[in-house]
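Structural overview for review
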Amino acid sequence: MKNYIKINETDNVIVALKEIAQGESIPEASVTALETIPAGHKMAVRDIPAGSEIIKYGFRIGHAKEDIRAGAWVHVHNIKTALGGLLEYTYEPAASDAAASGPDGKEACFDGFLRPDGKAGVRNEIWIIPTVGCVNSIAQSMADSANKRIYGSVGEVIAFPHPYGCSQMGEDQEHTRTILADLVHHPNAGGVLVLGLGCENSNIGELKRYIGDYDENRVKFLVCQECEDEMEEGAKLLNQLISYAAGFQREKISASRLVIGMKCGGSDGFSGITANPLVGRFSDILVSRGGTTILTEVPEMFGAETLLMNRCASRELFEQTVSLINDFKQYFTDNNQTIYENPSPGNKKGGISTLEDKSLGCTQKSGSAAVRGVLAYGERVKEHGLNLLSAPGNDLVASTALAASGAQIVLFTTGRGTPFASPVPTVKISSNSTLAEKKKNWIDFNAGVLAENAGFEEMGQQLFDYVLAVASGKKVCSEQAGFHDMAIFKQGVTL
């Protein structure tokens, strides 16, 4: 096994796959380390003059702050972002798409729950959706009690507390109502209890306008201020929902009905080499089988956005992607924040130096398929194939947004590790084997073996098979721990 990787022949840096000691020679790169290079970090393989471009993945990830000698450590101390504000873009379509049929010519299936509206669920749960944070404790108490009464194919009763639904204005309030309505329609929920207080801005009457048509057997409503004992009334409604949902059984369903969200967090220098491109390979396989993937966290597209823009299937989608990028940049500017200061302390410790560095690794999750849809925050997916979704980089907010758009499962790559969950099964994919070994209670799939000479095609198929197993009922680590999180994008004034 090599102790480094040069991702693209044009790169002027290599990435250390394990620590490179000061004085260690790299004959293949004709360079000797001038200082210790931590695993996941970059080392210059030729002299880079001050102001010159640092090239990784075959693209610029920043400019040299000072003269950098061959063999030197390249990181935040001597590299700075080369990105600016709002940009104008030119549509230069690239020939890219996943194959129309599966690699082996066979249709892939999973054992899921087919709903009356034609959607497929990978879980058969009862969800309690509070309209406002005031009833969070009641929702959780109802879920705890109802879980003692589940039977048949019903997996769990889950409450999704959040602090919103009142004291909000404008678009901020619209986001809350839209996300809650999206979750009501999610196919992983065999039944839903919408729990309101009664005096909140986003009361049940108001929220019904966003929910639209619904199955009265599947969705029930309860206003706590309108009943004498909300726990008793809630128990009756939950019993009805449990009885209804228990009528569903797992059956063979085509993988073309799968919608998989893709997200990364706590990245490191291995993320763009192992876990993210592996998820990209998975995306291509699923798209080739007629399925759907959704890529989000727009701020982590900055610096790599043209790669996605040029894969848009039409000029209209290109224009929508330009708006997706520039609208998010404007959001930063409107709030007096720096657009390009994104990598977290953990990202930097793991070897990521600039936003371009992170973005070029992050967008590897999109694979090679053409972009077939561009979604606003809270918009539900309509187009099969690869979609882009407007949402921030925050792990909980972005993963909830993926679920709200229709993802039944989220693939979450990480080089640092995290225990969080989302409203749907959240598969944690480690970028390095050290993390996978250390945090077995967090990590579901180890992509780190790709840095240890594992076959990329073989691992891609293994991840695809693993996702089908999760879709068929296999619980991921966060589910086994009983974790269920959700978060809504907060932007506006709180009254």
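Up top is the structure these notes are about.
Now for a description of the structure that goes with this document. Sequence order as written defines the numbering, with residues in each chain counted from 1. A pLDDT threshold of at least 70 governs which residues receive local features in this predicted model, and a stricter bar of 80 or more applies before side-chain atom pairs are shown or counted, although totals over entire chains, interfaces and linings include all residues. Excluding hydrogens and water, the side-chain figures rest on all heavy atoms present in the structure.

Observations concerning unusual backbone geometry
- With a phi close to 55°, Ser-30 is a non-glycine residue in the positive phi region.
- Strands are runs of DSSP state E lasting at least 2 residues, helices are runs of H or I lasting at least 4, and numbering of each runs from the N terminus. With respect to the secondary-structure elements, Ser-30 resides in the loop between strand E3 (25-26) and strand E4 (31-32).
- Ser-30 sits in the exposed class, given a relative accessible area of 66%.
- Backbone geometry places Tyr-57, a non-glycine residue, at a positive phi of 60°.
- If you trace the backbone, Tyr-57 turns up in the loop between strand E6 (53-56) and strand E7 (59-64).
- By relative accessible area, Tyr-57 is classed as buried at 10%. Throughout this description, buried means an accessible area under 20% of the type-specific maximum (1.4 Å probe, protein chains only), exposed means over 50%, and partly exposed covers the range between.

Looking at the sheet that holds strand E14 (residues 189-196)
- If you walk across this open sheet you meet the four strands as E13-E12-E14-E15, and the pairing is parallel. Since the sheet does not close on itself, it has two edges, and those belong to strand E13 (157-159) and strand E15 (219-223), each with one partner. Each strand axis lies, on average, 20° off the axis of its neighbour in the sheet, ignoring direction.
- Where strand E12 (residues 125-130) lies against E13, three bridges are found, and the strand directions are parallel. Residue pairing for E13: Trp-127 is matched across the bridge by Ile-158.
- We call two residues in contact whenever any of their non-hydrogen atoms come within 4.5 Å of each other. A fitted line through C-alpha atoms represents every axis, and for helices the fit uses only the stretch in contact; the resulting angles, taken between N-to-C directions, go from 0 to 180 degrees. Contacting E12, E14 and E15, helix H2 (residues 170-184) runs over the sheet at an angle of about 160° to E12.
- Packing against the sheet, helix H4 (residues 230-245) makes contact with E12, E13, E14 and E15, and its axis sits at approximately 180° to E15. One bridge is not enough; two strands pair if DSSP finds at least two bridges between them.

Some thoughts on a nonpolar patch on the surface
- Together, Met-169, Val-493 and Leu-495 line one region of the surface with nonpolar side chains, adding up to about 320 Å² of accessible area.
- Residue placement: Val-493 occurs in the segment after helix H13 (477-480). Distance thresholds for patches are 9 Å for like charges and 5 Å for nonpolar side chains (Val, Leu, Ile, Met, Phe, Trp, Tyr), applied to residues having over 30% relative accessible area and no salt bridge. With residues, only the protein chains shown are counted as cover, and all accessible areas are computed by Shrake-Rupley using a 1.4 Å probe. By definition here, a salt bridge exists when the distance from a side-chain nitrogen of Lys or Arg to a carboxyl oxygen of Asp or Glu is within 4 Å.

A look at helix H9 (residues 355-362)
- Burial within H9 is extensive, with eight of its eight residues counted as buried.
- Of the residues making up H9, those classed as buried are Leu-355, Glu-356, Asp-357, Lys-358, Ser-359, Leu-360, Gly-361 and Cys-362.

Regarding the sheet that holds strand E9 (residues 79-80)
- With respect to topology, three strands assemble into an open sheet ordered E6-E7-E9, the strand pairing being antiparallel. Both edges of this open sheet fall to E6 and E9, since each of them pairs with a single strand only.
- Bridge count for E7 against E9 is two bridges, and the pairing is antiparallel. Pairing of His-63 across the sheet is with Lys-80, part of E9.
- Here H9 sits on the sheet in contact with E6 and E7, set at roughly 165° to E7.

Observations concerning the pattern of salt bridges
- Under the defined criterion, the tally for this structure stands at 20 salt bridges.
- Between Lys-358 and Glu-300 there is a salt bridge; the shortest N-O distance is 3.3 Å. With Lys-358 in helix H9 and Glu-300 in the loop between strand E18 (292-295) and helix H6 (305-309), this pair connects stretches of sequence that are 58 residues apart.
- Take Lys-358: its relative accessible area is 4%, and that puts it in the buried class.
- Taken together, the shared-partner salt bridges in this structure form one network comprising Glu-174, Arg-177, Glu-206 and Arg-209.

Here we look at the packing of aromatic side chains
- Here a pair means two rings of Phe, Tyr or Trp (six-membered ring of Trp) with centres within 6.5 Å. Their orientation is stacked below 30 degrees between planes, edge-to-face above 60, and tilted elsewhere. Per the counting criterion, the structure on display carries 14 aromatic pairs.
- Centre to centre, the rings of Tyr-214 and Phe-221 are 5.2 Å apart; their planes meet at 75°, and the pair counts as edge-to-face.
- Tyr-214 sits in the partly exposed class, given a relative accessible area of 29%.
- With a centroid separation of 5.6 Å and 75° between ring planes, the pair formed by Tyr-377 and Phe-489 is classed as edge-to-face. Linking Tyr-377 in the loop between strand E19 (371-375) and strand E20 (385-389) with Phe-489 in the segment after H13, this pair joins segments that are 112 residues apart in sequence. Of the two residues examined, Tyr-377 and Phe-489, each falls in the buried class.
- Each member of the aromatic cluster is reached from another via a ring pair, and the members are Phe-302, Phe-328, Tyr-331, Phe-332, Tyr-377 and Phe-489.
- Any Lys NZ or Arg CZ found within 6 Å of a ring centre and within 35 degrees of that ring's normal is scored as a charge over the ring. Geometry around Phe-221 places Lys-208 over its ring, the cationic atom sitting 4.5 Å from the centre.

A short note on the packing of helix H1 (residues 136-146) against H4
- Here H1 crosses H4 at 50°, and the two axes come no closer than 10 Å. Relative to H4, H1 is oriented oblique. Classified by chirality, the crossing of H4 by H1 is right-handed. Here H1 contributes Ile-138, Ser-141, Met-142 and Ala-146 to the contact with H4, which in turn contributes Glu-230, Met-231, Gly-234, Leu-238 and Ile-242.
- Classification convention: Asp, Glu, Lys, Arg as charged; Ala, Val, Leu, Ile, Met, Phe, Trp, Tyr, Cys, Pro as nonpolar; all other residues, Gly among them, as polar. Its residues assigned to classes, the contact of H1 with H4 comprises six nonpolar, two polar and one charged. Geometric relationships in this document are graded by angle, where less than 35 degrees denotes roughly parallel, more than 145 denotes roughly antiparallel, 65 to 115 denotes roughly perpendicular, and other angles denote oblique. The handedness criterion is simple: a crossing whose near helix is rotated anticlockwise from the far helix by less than a right angle is left-handed, and one whose near helix is rotated clockwise is right-handed.

In short, the description is geometric, and any link to function would need to be established separately.
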